[in-house]
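Spelled out, the chains give:
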Amino acid sequence: MRKRLVTPLGILVCVALLTPQALGGRLYVGAAAVDITPEKPVALSGSFHQRISTGVESPVTANVVAIETRDGDQSIDQAVIVSCDVVVIPSEILESVRDEVATRVPGIQTSKVILAATHSHTAPELRPGRWVYPDEGVTTAEDYCKFFVDRVADAVVAAWQARKEGTVTWGLGHAVVAQGRRAVYADGSAQMYGKTNGSDFYGIEGYEDHDIGTMFFWTGTDQPTAVIVNVSCPSQEVESHKAVNADFWHPVRVALKEHFGEDLVVLGLCGSAGDQSPHLMIRKAAEERMRNLRGLDRLEEIARRIVRAVDDTYSVVKDDRRAEVPFVHKVETLTLPKRLVTEAEYTDSKARVDSANAKLKADPKAEDQDIRRIKWYRGTVDRYERQKTEPNPTLDTEVHVIRIGDAVVCTNRFEFFTEYGIRIKGRSKAVQTFVVQLAGPGNYLPTALAVRGGHYSAVVHSCLVGPKGGQVLVDKTVELIDSLWPSGK
Amino acid sequence: MLWQCWKIIGVLAVLGGLSTQGFAGQLHVGTASADITPQKPAALSGQFHLRLSTGVESPVTVNAIALESRDGDQSLDQAVIVSCDVVGIPADVREMVRQKLPDRTEGLDPRKVFLTATHTHTAPELRLDKWVLPKEGVTQVEDYREFFANRVADAVTRAWQARQPGSVTWALSHAAVANNRRAVYANGTARMYGATNTEDFRGLEGYEDHDIGTLFFWDGDGTLTAAAVNVSCPTQEVEGRNAVNADYWHPIRETLRRQYGKGLCVLGLVGAAGDQSPHLMIRKAAEERMRKLRGLDRLDEIARRIVDAVDDAYAVVKDDRHADVPFVHKVETVQLPMRVVTEAEYAETKAAYDACAAKIEKDPAAADKENRRMKWYEKTLQRFENQKTDPNPMLETEIHVIRIGDAVVCTNQFELFTDFGIRIKGRSKAEQTFIVQLVGPGSYLPSARAVAGGHYSAIVHSNLVGPEGGQVLVDKTVELIDSIWEDAK
């Protein structure tokens, strides 16, 4: 193994070139994983209709890596990254986890704990009040939240306490997993999962980012301790299932553990992919033929591609490990301009709420299926009402930018359309940039092109923040990255 | 009366043809390759300035596959596909080749032979009057055309004569080779190879198609004899060089022949990729780090990805061979509305033309650099003049649509923006669709969003045909695909 340790001359050069913030320190790493599968049926999150789980197809888990750099006994900086098999991370959940961790391990800077969702649509609901539950036999969202917070806090503490001297490297591979899911038509309109075989089909709206970014961590053994895998695609291939399922991350983890050891902790981090999905959009027949010839199901096929990219990357970078790296973790709360609700959007939303209410009045049982949609439109109505007193509303949102060696990890809370991720990658001073979306409660953040095309994910009800706010987020993220590379690329 | 009889005979002949078109026949396959490397220095094609080759870095070749389906002794249909390491295929050169065939290729309809360019920018010029060349010590373009046409005709003849019962299959895999090369900025403009690290960078203009489509052919003994590899990226990674070079197809051929036998004929077919390039646009530093860690140069790295995809596909489909497949080859000349030169474009072009002329007048040595650009502008000026008498000009262009089993190969003469290829793939009835561009002289065919963004490849001088004609091309191609699948019902 070749370790890149900083020489005395190197230290002098670094000191001359970098601010103290960017100075390297001795890397410490810990990792842990925990099962977050509920024992009883739960409401699954991610659809507009209620689904109570009928079983468990694969376990949902939370996977943690704790990173710290030290100068002797002094902690220089730290980060705890948690990948969770859930659809989103509500802010209250993040705060609860941080509070719980703080009570158990005072040494952790809990603001530096990040939770990111893989966006599995077959995981338990973490947002109470969204569904009407049966009286018995089901774990409610409130109860599941407690369980989740407890388990995730356990894993964070375990990872933190397990940290020891380690090494890190990063690598770039590729896999065609993400599919642009917004079809565009001759009249300029777009549709999520729209048909592509009509004569008015004009293409896929945006870019697909097929990067597979990986960050490997070792703690002394030959086998890596943890791997972060950054895929710009939400894990929702089996989103319509009614059983708990970690989607494609489950077979990815199983395969990587087979390759690198049962103790490997695999963090699935979803890159900017608000307009992406693993569902096939074009070339379906050719893809399905290949899959059938391989004898795989779709989850296995997706996992095969990701694992192949990870394996290939590992073989290239495994000897380029670093024990001392620049490591800086910045946490900031940004204020983004919100997307304004227009009068026409308000009128339309109001009419839909009224119509749904009338339907409920006629048939109260319809509530199970329609409650989410009514709340969706009502949210838009409420926003418009608030604009009367607050015409320029803003949204405060937490972002993290972590420099690890020559790589950077930057997070946001959104279902961030891929183009924004490309803007950050294009402008980033890092050798390799990991963009992580859904480190928070979600919400689509569409491009201007998507807003013009309309449809779900780009209409006002889908978006708290619009293209203007998206660009502010990009600019601020790039600004933070720039601040970590004071001497340029 | 005589004319009417001929019409009836014609209709009967067509009906007779149609009735058998959809039926399977025993596939016959023949292959041949030929070296088309010039012995003396030659003008290289693909840049606006004159480059005389200073040597040979890798041989340029043509690779031909002859296909025929037979019912007993009766030929049902046929196709000869020739992949050529050149930048484009001038229509008159294609005709030169076809005219040389009938004496040597009994039973072969020359119209069913098509030539496609890999688009290497480091191959000899095939177009007359592009350059002012020294009279001595240099291969004259006229001479190279004759040499090229003879070598191609010879390869076609050998492939045709070598055909014997064989089998075929098709496969889809993936490789991140194409990079969308048009950067888009905040003001709505676009720029080919524009900077992506500026504040106003807003993304890449369009989609990247990372499909690797492969058609594998075996002879009667079960030996793999040919692989036609469809990559939606032109072959121009080393386009800036001054030596003859087949670009990344050379290392691909070498590797595949090492793996599958030195007799393997490898056809590089470029998919719809007018807005694509192998040049890295974003994530350059990460890609370059990985490449260096692998110890490869860029051509080897690109070849590695494509070969890996071909190998992966081969492993899956190698036992799914078909000897009796539906095989239908339609050749049509379609009329496309040309892009109209506006008055403003004319005025701007005239000024640019005059500026070039002034430069040459001041310094005759500038002709080497300015000559091509002047001719470029001159054509736009001429188009504007022609529009005075022909306000709705049309371009006649030959397209081929070939059904091979459940796959279809469809060609066009353009540097077709990827969006158009995606339209065809989305609408195609085939299980797998191979788009082959540059089956002809080239000329960028941009999408509407590219025209709105402007810059080289989407401005009027770059385009004989615009988005409107592009859509006609898509519709006609889909219509032909449909007709083949309808006939087969």
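For the structure itself, look to the data block above.
Here goes a summary of the coordinates provided. Nothing here was measured: the structure is a model prediction, and the numbers come from that model. (Residues numbered from 1 in each chain as written. Chains lettered and ligands numbered in written order. Predicted model: local features only at pLDDT ≥ 70, side-chain atom pairs only at ≥ 80, totals over all residues.)

Here we take up the overall build of chain A. Secondary structure summary: chain A contains eleven helices and 20 strands in total. Since a compact globule built from 489 residues should have a radius of gyration of about 23 Å, the 23 Å found for chain A is in line with a globular shape. Within chain A, the proportion of its 489 residues that are buried is 55%. In chain A, the share of contacts with a sequence separation of at least 24, taken over all contacts with a separation of at least 6, comes to 80%. (Helix = DSSP H or I, 4+ residues; strand = E, 2+ residues; numbered from the N terminus. Rg over C-alpha atoms; globule rule 2.2 N^0.38 Å. Buried ≥ 20, exposed ≤ 12 C-beta atoms within 10 Å, placed from the backbone. Contact = placed C-beta atoms within 7 Å.)

Here we come to the overall build of chain B. Check the secondary structure of chain B and you find eleven helices and 19 strands. Taking 489 residues into account, the globule formula puts the C-alpha radius of gyration at 23 Å, and chain B, at 23 Å, falls close to it. Principal-axis analysis of the C-alpha atoms gives chain B an extent of 70 × 70 × 50 Å. In chain B, once contacts between residues fewer than 6 apart in sequence are set aside, the share between residues at least 24 apart is 81%.

Take the sheet that holds strand β8 (residues 190–192) of chain B next. Picture the strands of a sheet paired through backbone hydrogen bonds; they go either parallel or antiparallel. Residue and element names in this part refer to chain B. Ordered in space as β8-β7-β9, the three strands form an open sheet in which the pairing is antiparallel. What marks the edges here is a single partner per strand, and that holds for β8 and β9 (201–204). Within this sheet the neighbouring strands show an average axis-to-axis angle of 30°, counted without direction. Pairing geometry for strand β7 (residues 182–185) and β9, over three bridges, is antiparallel. Counterpart to Ala-183 in the pairing with β9 is Leu-204. (Pairing = 2+ DSSP bridges. Axes fitted to C-alpha atoms, helices over the stretch in contact; angles between N-to-C directions.)

Turning our eyes to something else, we now look at the interface of chain A and chain B. Taken together, the contacts link 37 residues of chain A with 35 residues of chain B. Where the side of chain A that touches chain B is concerned, the elements lending two or more residues are β6 (167–174), β10 (201–204), α5 (284–294), α6 (298–317) and α9 (418–427) of chain A. Sorting elements by how many residues they give to the side of chain A that touches chain B places α5 of chain A first, with seven residues. Taken together, the residues of the side of chain A that touches chain B break down into 15 nonpolar, ten polar and twelve charged. (Nonpolar A, V, L, I, M, F, W, Y, C, P; charged D, E, K, R; others polar.)

For the rest of this paragraph, the subject is the nonpolar core. Residue and element names in this part refer to chain A. Within the largest apolar cluster, 278 residues are counted, with the highest numbers of intra-cluster contacts made by Val-65, Val-82 and Val-156. With twelve residues, helix α3 (residues 141–162) is the single largest residue contributor to this core. Not counting residues up to four positions away in its chain, the partners in contact with Val-156 are Val-64, Val-80, Val-82, Val-97, Val-101 and Val-113. (Core = buried A, V, L, I, M, F, W, Y, C linked by C-beta atoms within 7 Å.)

With that out of the way, let us pick up the pairing of strand β3 (residues 74–84) of chain B. All names here are of chain B. Most of β3 sits inside the fold, with nine of its eleven residues counted as buried. Connecting strand β2 (residues 61–71) to the antiparallel partner β3 that follows it, the hairpin turn spans two residues, and Gly-72 within it adopts a positive phi of roughly 65°. Alignment of β3 against strand β4 (residues 113–117), held across five bridges, turns out to be parallel. Counterpart to Val-82 in the pairing with β4 is Leu-115.

Residues and elements named next belong to chain A. Ordered by their spatial adjacency, four strands build an open sheet running β6-β11-β12-β13, and the pairing between neighbours is mixed. Because the sheet does not close on itself, it has two edges, and the strands there are β6 and β13 (265–270). Strand-to-strand, the axes of this sheet are offset by a mean angle of 15°, without reference to chain direction. Taken together, the six bridges between strand β11 (residues 211–218) and strand β12 (residues 226–231) define a ladder with antiparallel strand orientation.

All names here are of chain B. The interhelical angle for the contact between helix α9 (residues 418–427) and helix α11 (residues 467–487), taken along N-to-C directions, is 25°, at an axis separation of 10 Å. Taken together, the axes of α9 and α11 lie roughly parallel to each other. In this structure, the crossing between α9 and α11 has a hand that is right-handed. Taken together, the residues of α11 that come into contact with α9 (itself represented by Phe-420, Arg-423, Ile-424 and Arg-427) are Gly-470, Leu-473, Val-474, Thr-477 and Val-478. (Parallel < 35°, antiparallel > 145°, perpendicular 65-115°, else oblique. Left-handed = near helix turned anticlockwise from the far one by under 90°.)

Residue and element names in this part refer to chain B. For strand β1 (residues 24–35), the buried fraction is high: nine of the twelve residues fall into the buried class. For β1 and strand β14 (residues 324–337), the ladder comprises three bridges, and the chain directions are antiparallel. For Gln-26, the partnering residue across the bridge sits in β14 and is Asp-324. Pairing analysis gives two bridges linking β1 to strand β5 (residues 164–174), with the strands arranged antiparallel. The residue bridging Val-29 from the neighbouring strand is Gln-164, located in β5.

Next up on the list: unusual backbone geometry. The bulk of non-glycine residues show a negative phi, and the bulk of peptide bonds are trans. All names here are of chain A. Backbone geometry places Asp-247, a non-glycine residue, at a positive phi of 60°. Look at Asp-247 and you get buried, because 30 C-beta atoms sit within 10 Å. With a phi close to 50°, Arg-283 is a non-glycine residue in the positive phi region. Judged by local crowding, Arg-283 falls into the buried class, with 22 C-beta atoms found within 10 Å.

Turning next to helix α7 (residues 343–362) of chain A. Residue and element names in this part refer to chain A. Between the first and last C-alpha of α7 there are 29 Å, a value that for 20 residues agrees with the 28 Å anticipated at 1.5 Å per step. Burial in α7 covers these residues: Ser-349, Val-353 and Ala-356. Take α7 and look down its axis: the buried residues cluster within an arc of 70°, on one side only. Opposite the packed face of α7, turned more than 90 degrees from it, sit the exposed residues Glu-343, Ala-344, Thr-347, Ala-351, Asp-354, Ser-355, Ala-358, Lys-361 and Ala-362. (Expected span 1.5 Å × (residues − 1). Arc of directions from axis to C-beta.)

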